[in-house]
Amino acid sequence: MTVAAESERIRPRVLIDCDPGHDDVLAIGVAARHCHIVAITTVAGNSPLVNTTRNALIATDLFALGQVPVHSGAAGPLNGSSGGFATGAHGRSGLDGPLPRTPSRGADGDDAVSFIIETVRREEGLWLVPIGPLTNIALALRRAPDIASRVTGISIMGGSLTHGNVTSAAEFNIWFDPEAAAEVFNSGAALRMCGLDLTHQVAADGRFADALSAHGTDTSQFCAELMHFYQGYAARTQGLTGEAAYAAPAPLHDPCAVLAITHPELFSIQRLHVVVETAGTQTRGMTHADTRPWANPAEATVDVVVSADGPRAVAMVLDALLL
Ligand code: BDR
Ligand code: CA
């Protein structure tokens, strides 16, 4: 698509529910470029709620989103305590790497669930884009089941068709609050799912941070420092150093959930029956998909994004951050 045609794309209206988180910030940057961001809501996940809310506000400063309302939401999973935050990938602040920043403003409210319900009922054609644990979305659907059919869809980063990243079965966003995820997957809303097997196809190596750094603006430099930490984690977990560490692929998970609605031509989708396992002793938090060729198509309700043009998707993410 040419640059002119790119500018003629319709920008989907989105509410981003997030737990920033390095890749959440990148996703907000992609949405700032290609969507109309109606609102941002925050949830505990990668880090405690106070951190994810501060980090979302930092992201609105980075991407000139001063007019976008930010509301904080659930401080923990539906069933009480969490299994832990993602301090390895995101550090204690949730955004380790760059020097800490103080956002230029505070949150607009602390009742994200009511805010999501009101926003969905008011807006036409709204996409929900949850890129953290699904606690806020589940609570909104529980209190207002009508919103399931009001939204255009829910584009989720979460789950996997293969292995997890917290346990061998469970991906972080689903593992953090499996009951919430199960309620969302059972809600009847139109779901699009970007799981780990997809997001690992959209991965950045050290060149990504270098390109951001070379651009030399405050936003690109901040994102470069985020990526040094985040891509460094990918390398550290594999025990890589030197050139091998530079080449280590760091999956750009959360931007995929945005690109899957703004640039669907970069992806292929398979409609599958997906259920969230909440009871299994080995498999709690797993997204179990019926991939049998003879599976009943009437039960297949989730648009699972199964493959990507990785290099083009990574280039789209990078381009959105070169402000
Ligand atoms: C997901 O978990 C978080 O650490 C990331 O922000 C992403 O949303 C990947 O498993
Ligand atoms: Ca996230």
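Residues numbered from 1 in each chain as written. Chains lettered and ligands numbered in written order. Predicted model: local features only at pLDDT ≥ 70, side-chain atom pairs only at ≥ 80, totals over all residues. Heavy atoms only, no water.

A. How the structure looks around the overall build of the protein. Helix and strand counts for the protein come out as 15 helices and eleven strands. The C-alpha radius of gyration computed for the protein amounts to 18 Å, which stays within 12% of the reference 20 Å derived for 323 residues, consistent with globular compactness. C-alpha extents for the protein along the principal axes are approximately 50 × 45 × 40 Å. The buried share among the 323 residues of the protein stands at 57%. (Helix = DSSP H or I, 4+ residues; strand = E, 2+ residues; numbered from the N terminus. Rg over C-alpha atoms; globule rule 2.2 N^0.38 Å. Buried < 20%, exposed > 50% of the residue type's maximum accessible area, 1.4 Å probe, protein only.)

B. Representation of the sheet that holds strand S2 (residues 36-42). In spatial order, the strands read S3-S2-S1-S4-S5-S6-S11-S9-S10; together these nine strands make up an open sheet with mixed pairing. Looking at the sheet topology across the chains shown, the edges are occupied by strand S3 (70-72) and strand S10 (287-290). Going from strand to strand, the sheet's axes swing by 30 degrees on average, the running direction of each strand aside. Its contacts with the sheet put helix H3 (residues 49-62) on strand S1 (13-18), S2 and S3, and the angle it makes with S2 is roughly 160 degrees. (Pairing = 2+ DSSP bridges. Axes fitted to C-alpha atoms, helices over the stretch in contact; angles between N-to-C directions. Contact = heavy atoms within 4.5 Å.)

C. Structural view of the coordination of the calcium ion (ligand 2). Here the calcium ion (ligand 2) is held by Asp19 (OD), Asp24 (OD), Asp24 (OD), Ile131 (O) and Asp254 (OD), and the distances to it run 2.3 to 2.6 Å. All donors of the calcium ion (ligand 2) come from a single chain, and their spacing in sequence reads D-x4-D-x106-I-x122-D. Here the residue Asp19 occupies a position in the loop between S1 and helix H2 (22-34), and Ile131 occupies one in the loop between strand S4 (126-130) and helix H6 (135-143), the gap between them amounting to 112 residues. Grouping residues by exposure puts Asp19 and Ile131 together as buried. (Donors = N, O, S within 2.8 Å, 3.2 Å for Na, K, Ca; no water.)

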